[in-house]
Structures are given as structure tokens and as C-alpha cells.
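Remarks on the overall topology
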Amino acid sequence: MNHWAAQKDLSQAVDLARRHLQDTQAPDGSWHGDYGGPVFLLPTLIVATHIVGEPFDPETEQDFIRFFKHHQNADGGWPLHIQGESYAYATALCYVAQRLLGVPADDPGLERARVWLLERGGAANLPPWGKFLLALLNLYDYDGVMPVPPELWLLPTWLPAHPSRFWCHSRMIFLPMSYLYGIRAQAPLTPVVRALRDEIFCEPYEALDFRGSQMQCAAGDIYAPLSRGYRLLNGLLNGYEAIAGERLRARATDFVLDQVRQEDENTNNICIGPINKVLNMLCWHFAEPDGKRVAAHRRQLPEYLWKGEHGTHMQGYNSSRLWDTAFAVQAICASGRAGTAKPMLELAHAYIEANQVLEDTPDRERYFRDPSQGGWPFSNRTHGWPISDCTAEGLKAAIALRAIVDEPIHDERLDDAAELILGWQNADGGWPTYEKARTPSWMEALNPSLVFADIMVDHSYVECTSACVQALIRYRDQGVDPARAQCIDKAIARGRDFLLARQRDDGAWMGAWGICFTYGTWFAVSALRAAGLPADSAALRRAAAFLVSHQLPDGGWGETIESCRRGTYASTPEGQVVMTSWAVLSLLQTEMADSEPVRAGLRFLQDRQRADGSWPDEAIAGVFNRTCAITYDNYRKIFGLWALGAADVRVNADMTVQGL
Ligand code: LAN
């Protein structure tokens, strides 16, 4: 690494990457990018807008069709996410959505899809959320839907299975679902839906055994099979539905609707995620025929749309802007380029400053919300749900910018962020995503989705823990009073121990929100180093050995979503820029900082870089709930810069030391 020539190339590559980042910064200071990947979201949206009678303009609808056409797999089905295999769930929904958009049943793509779906038992074999959506459309009978009685919300809140204790994403989906289920919301039978009844089932619609199909599902869609406990519960819930009284139901649906209203207001009708966004809109369609709340919802729908190269689709969130911006800032600072990037950093700071959440949500306990004041969200303040690691990355970026920008964020706001982070730490020493875990891990056994894992409990995660530990260390090092420092030190030590306990025998950490071991390991290594573990400690040596053992002949690293599904390293054939960057950033913090594997990784990144400083699109790097991949469009340019930049800084430091 100490060659002049190599160093010059490296510096040039860093400068190019820095310039590219600058060129792509949005006027508001953030970085916009596609946050797509999941394929099942767009059809959910199309079904909902069809039901409420608020279609999109014809041009957008044509672009939706383009998205469907582009992502149909060669076997005729559609995948759960753009790089996956076909699912009955996605295939049936994409089929139905296109028919609702006017594509005829004899379209060759749809004909192939029908064959694929019918070979897998047709739409009676969809996982529960698929059947639920069809029931709303009057394309399935509610007898075939696993019961979601709203009365569950009226149970005592101390019960571990009370819905208020679910992971917030599941809770916020369960909420409108229970309303819609409770009133058996159903659209009128239109000619296209009548036609669909003859297209997507293996038997005549009237002859279907709806009740018997409740728990039936195509084998390829199942990742988390229903537990015995859930099967038992489902029997009880069916029994309850048979005797449910009107008065209690009305009380329950009133309760639920009030919760839906509050979520809408808290998030300015964006809602926590794409699914509860469309389900909440449907609630108002059925609850208030005047259409005002539906119209307000409808106005925020474009927040979720992204017009990409292959059509317009629905994103997994209303952007990843805050998250990306916090990382971009840290990448620039880590590359020693802060001095030449002041205007870019001032602008990024303005975005971070303007998007911190400054207050708790109204009447928060009644609406089962944790405090929010001082937190940072994933996208923007309008969305408003703060997240542990977004708060941590926001805080890290804000602290890094203190010495750079003219008007840094006030101390009290940093104090609020640190306070929130401390409050979120779970009993096991780790940090959850949005809320301190409200129920034991075994509640995961009540996951009814079949398709996704880990959706019931806000478990502790390696990434969230790592980000929070790092943020607390930087915050403490700014100077805090001794009593506070003691409390922070304790939290850091518990977080560090959680991370050490999570290291696998092979030396890696498994990531939950990025693919996969390279991601988890980068987070864990960074936090452990920040917490004072020496580079030559056993844990970090093992981590380095793990990474080196998975380096590809081209010098890079790459993983597929199979890593997440299987829990063992699944390599891509060729290196990927993002995963290579995570691996290089990890190794740079270990004894192997100055080694051939690192040099090969850096060469790989330099070789792949284009003349304008960017890197070409590649395998998808994000994931959720183990099975669904999600695109982080900005990661290549951020982590590419970060890895090259951190290496460049090291080289320069070495040269100073050696007096070169
Ligand atoms: C996200 C996006 C951001 C992500 C990080 C901040 C990167 C992560 O470190 C913590 C988890 C979090 C907040 C996260 C959780 C799951 C989300 C919300 C998503 C991946 C975006 C979409 C996904 C959501 C659950 C999609 C809806 C589908 C369901 C199965 C409920």
C-alpha cells in the first residue's frame, strides 16, 4: 500500500467518488435513490386504488404495466423481490393488478402466468395476506381468510399477545386489517373481478372450499411455516368469529379506527410503511363515504412511487434519504475530504438538521408509541417514526459535522437523541429497530405471514446495536457530566457484550437488514473497535479470518439473499462493490489492515469504478425479514467512497509516520 503510484491512483479514485457524490446531491441536501425491490407492493397498491376508485393517470398506469412485464420471470411467475424466484403470492397479485389495469386475459405474459399459478394450486394457495387482499376485492370469500378479529385490541394490554406488543410494522398492518376484517369490507363485484374468478382458481369459484383453504399455501411461498400454537389459535379465532356479537364488534372497530386515524395524523398520511399506507386508505373508504380522508391519503401516494428504468413501482418506504445522507456525510469525513467538501456537507447538514423529530406523538401512550423527541427517521421528518439506528447514524453524522459547519445542531438536540438511544436498549443489552421489545422472543411463534420471518417481535439486532454503541461513544467523548458518562458507559458495555455474544463460531456476524455477513460483520467490527477492543483481539482476528476466507478470485466479496434465508454464506460468482466495501472497511480495522486481501479489495473497487466516479448497478444489497430483498441505490457510491477513502487516509498517515 505504500507505493507512491498506488497511492496516487487511490487518491484519484477517492476524489472522483467524492465528486460523483457531490454531483448527485439533491437540492435539499439529501441523496435520492430508488428504494424498490419488493414486487408484491405495487399490486397491493393497484388493488387498493381500484377499490377506492382513485386510479392513476394513464401514463403512470402504463408504466406500472412496464414494471410488471419487465420483472416477470422466465417461468411465467413473478418473484417476491426483483432478483428472486417466482412466488404464488406475487404471481397472483401481479396478474390481478394487470387485469385491473386493463391488460386482457389473453395477453401472452398473463397466459403464461396463469399456467404457472394453476400448476401451484391457483389463488386458493396464496399466503394469508394474499387471500386477504383478494377478499377485499370480492375475489375470495372471507371464510377463506384466517380470522383477524378487532376485539383482540380490547384484551388487557399486559397479555404478551396483545397486538400493541407486536413489532410496529406488524402491528400497524394488523390494525387496519382487523378493521377491514371486522366489517368484512368488500368491493362490489365488477365485470373484471367476475372474469378473474374464472381465471385464477383451479375449480369453479362457487365450488371452492374457502374455509378449508385458510391455512393452505403453495410450498414455494412458505419460509416460516405456521406453528402448532398458531394453528390452535386459528381454530379458537374461527370459533370466536362464529359467535362474535355486534355490540362488542362495533366497540372494537371504533377503537381500531381511532388508532388508524392517529397513525395517519402522526405520519401526515404517509404511514409507517407501504402496506399499512394502502390498508389505512381502504379503511377510510369503507368507514367514511365522504371521501375526504381517502383524498388526503391519495395525495401522499406519490411519496411511495419511483419511476425507474424499467417502469414505475411502489417503494418499500417513502425513501431512505436520512439514512443515506447520514452515511454519505460519514463517508466523506472518513475519507479525509471534509475540507474540500464544505458546501456539500453544509447542505447535507441542513437536511439532517431539518429532519430530526422534535416532539413526541400526541397522547402517545394511548396510541402505544414510544417517545420520539430527538430521534431521526429513515426517510424524513414528515414520516416521523424514529428508528434506533437511524437516530444513531443521524447523531454520528451531526457530531462529525460540528467542527465543519457554520451553525451546528444545538447541544440539547444531541442530548435528546442520546436519551432516546439509551431508553431503547433491550434487556439483553442489544438494540431493537423502532421500539424496546414489548414481548418475549417466543411470540414469534404467532407469525401468521408464512412468507416472512421475525416480524412479531422487535428483537435486538447486530446492526442497530452497533450503530447505537458507536453513537453513544462519540456522544460521550464530546464531554458529558460524570454521572451521565457512567450511565452511558454501562450501556456501551452491555451493547459490546451483546455483540461479542452474537459472533458466530466462524467469526462472522449475521446482518438482518443488509446482505448479509459482510454487512453484519462491518457493523460489529466497527462498534467493537470503537468500544476499545484491540485490532489483534481474538474476536477481531476471527472476523478477519472469516472475511479473508470468502474473498473471491477477482479480489472482491459478494453475497446473495440466500445468505439471509439459509444463515450460511452464499457467494455471488463475482465481487460486488457494496459488499467488497463492507469487507474492506472491516479488515481496515483489524490486524489485516495492511495486507494483500485489502489491497486486492481496493484494486477491485478501483477497477470497477467508472470515469465519472460512479459504480455500475449490481446485485441487490438490502433485505428485510430474511426473504425480501430491497434496493439501496446510493450504497455503491457511498460505501465505495468510504472504503477507498478510509484506505487512502491510512496510506497518508503511514507516509507521514515514515516521513515519505
Ligand atoms: C426497513 C428500512 C430501514 C431499516 C434499517 C434502518 C436499515 C434497519 O437498520 C432497521 C430496520 C429498518 C427500519 C426497516 C425494517 C423493515 C422495513 C420497514 C424496511 C426494510 C423497509 C420496508 C420494511 C417493511 C417491513 C416492509 C413491509 C413488509 C412487511 C413484511 C411487513
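Residues numbered from 1 in each chain as written. Predicted model: local features only at pLDDT ≥ 70, side-chain atom pairs only at ≥ 80, totals over all residues. Heavy atoms only, no water.

An unreviewed UniProt entry annotates the protein chain as Squalene-hopene cyclase of Methyloceanibacter caenitepidi. According to UniProt, the comment filed for the protein chain under the heading Pathway (unreviewed entry) is "Secondary metabolite biosynthesis; hopanoid biosynthesis." What UniProt states about the protein chain under its Sequence similarities (unreviewed entry) heading is, verbatim, "Belongs to the terpene cyclase/mutase family." (UniProt positions renumbered as here; feature names shortened; annotations may be inferred.)

**Remarks on empty space enclosed by the protein**
Tallied over the full model, the rule gives five cavities of 30 Å³ or more. The space that makes up the largest cavity amounts to roughly 610 Å³. What lines the largest cavity is a set of 33 residues, among which Trp 167, His 169, Tyr 317, Trp 513 and Phe 624 lie closest to the centre. For the lining of the largest cavity, the secondary-structure elements that each account for two or more residues are α7 (168–182), α12 (274–287), α16 (388–401) and β7 (622–624). Residue classes in the lining of the largest cavity are distributed as 25 nonpolar, seven polar and one charged. Taken domain by domain, the lining of the largest cavity gets at least three of its residues from each of domain 1 (10–34 + 319–658) and domain 2 (40–217 + 228–314). Taken as a whole, the second largest cavity spans an internal volume of roughly 80 Å³. Residue lining of the second largest cavity: Thr 44, Tyr 89, Leu 93, Trp 129, Phe 132, Leu 133, Ile 173, Met 177, Ile 275 and Leu 279, and that is the complete set. Where the lining of the second largest cavity is concerned, the elements lending two or more residues are α4 (88–100), α6 (128–136), α7 and α12. Sorting elements by how many residues they give to the lining of the second largest cavity places α6 first, with three residues. Considering only residue class, the lining of the second largest cavity consists of nine nonpolar, one polar and no charged. (1 Å grid on protein atoms, 1.4 Å probe; cavity = no way out; pocket = protein on both sides within 12 Å on 5 of 7 lines; lining within 4 Å. Points joined across faces, edges and corners; volume = space filled by probe spheres on them. Helix = DSSP H or I, 4+ residues; strand = E, 2+ residues; numbered from the N terminus. Nonpolar A, V, L, I, M, F, W, Y, C, P; charged D, E, K, R; others polar. Domains from an automatic or database assignment.)

**So, the confidence of the model for the protein chain**
Summing up the model confidence of the protein chain, the mean pLDDT is 96 and the portion of residues at 70 or higher is 98%. Segment residues 1–5 is flagged for pLDDT under 50; beyond a separation of four residues in sequence, or across chains, it makes ten contacts in the model. With a pTM of 0.96, the predicted complex shows an ipTM of 0.95. (pLDDT = per-residue confidence, 0-100. Contact = heavy atoms within 4.5 Å.)

**Some details on the domain arrangement of the protein chain**
Segmenting the protein chain into domains produces domain 1 (10–34 + 319–658) and domain 2 (40–217 + 228–314). Across the boundary between the two partners, domain 1 contributes 46 residues, which contact 44 residues of domain 2. Across the interface of domain 1 and domain 2, roughly 3,600 Å² is buried in total on both sides, 63% from carbon and sulfur atoms. Looking only at domain 1, the three residues that lose the most surface to domain 2 are Tyr 367, Phe 368 and Trp 385, adding up to 18% of its buried area. At the boundary of domain 1 and domain 2, one finds two salt bridges. (Buried area = accessible area lost by both parts, 1.4 Å probe. Salt bridge = Lys/Arg side-chain N within 4 Å of Asp/Glu carboxyl O.)

**Comments concerning the pairing of strand β4 (residues 311–314)**
Here β4 shows a buried face lined by Gly 311 and His 313 and a second buried face lined by Thr 312 and Met 314. The pairing of strand β3 (residues 305–308) with β4 spans four bridges and is classified as antiparallel. Its bridge partner being in β4, Trp 306 is matched across the sheet by His 313. Hairpin connection, β3 to β4: the antiparallel pair is bridged by two residues. (Buried < 20%, exposed > 50% of the residue type's maximum accessible area, 1.4 Å probe, protein only. Pairing = 2+ DSSP bridges.)

**Structural notes on α7**
With 15 residues, α7 should reach 21 Å at 1.5 Å per residue; the first-to-last C-alpha distance of 21 Å fits that figure. Most of α7 is tucked away: 15 of the 15 residues are buried. Phi turns positive one or two residues past the end of α7, at Arg 184, with a value near 50 degrees. (Expected span 1.5 Å × (residues − 1).)

**Structural notes on the pattern of salt bridges**
Inspection of the entire model under this criterion finds 41 salt bridges. Here Arg 66 ties to Asp 63 by a salt bridge, and the two come within 2.7 Å at their closest N and O atoms. Of this pair, Arg 66 and Asp 63 both sit in helix α3 (residues 58–71), three residues apart, roughly one helical turn. Judged by relative accessible area, Arg 66 falls into the partly exposed class, the value being 37%. A relative accessible area of 8% means that Asp 63 is categorised as buried. Notably, a salt bridge pairs Glu 288 with Arg 293, separated by 3.4 Å at the nearest N-O pair. You can call Arg 293 partly exposed: its relative accessible area is 29%. A cluster of three or more residues bridged by salt bridges with shared partners is formed by Asp 258, Arg 261, Glu 265, Glu 288, Arg 293 and Arg 366.

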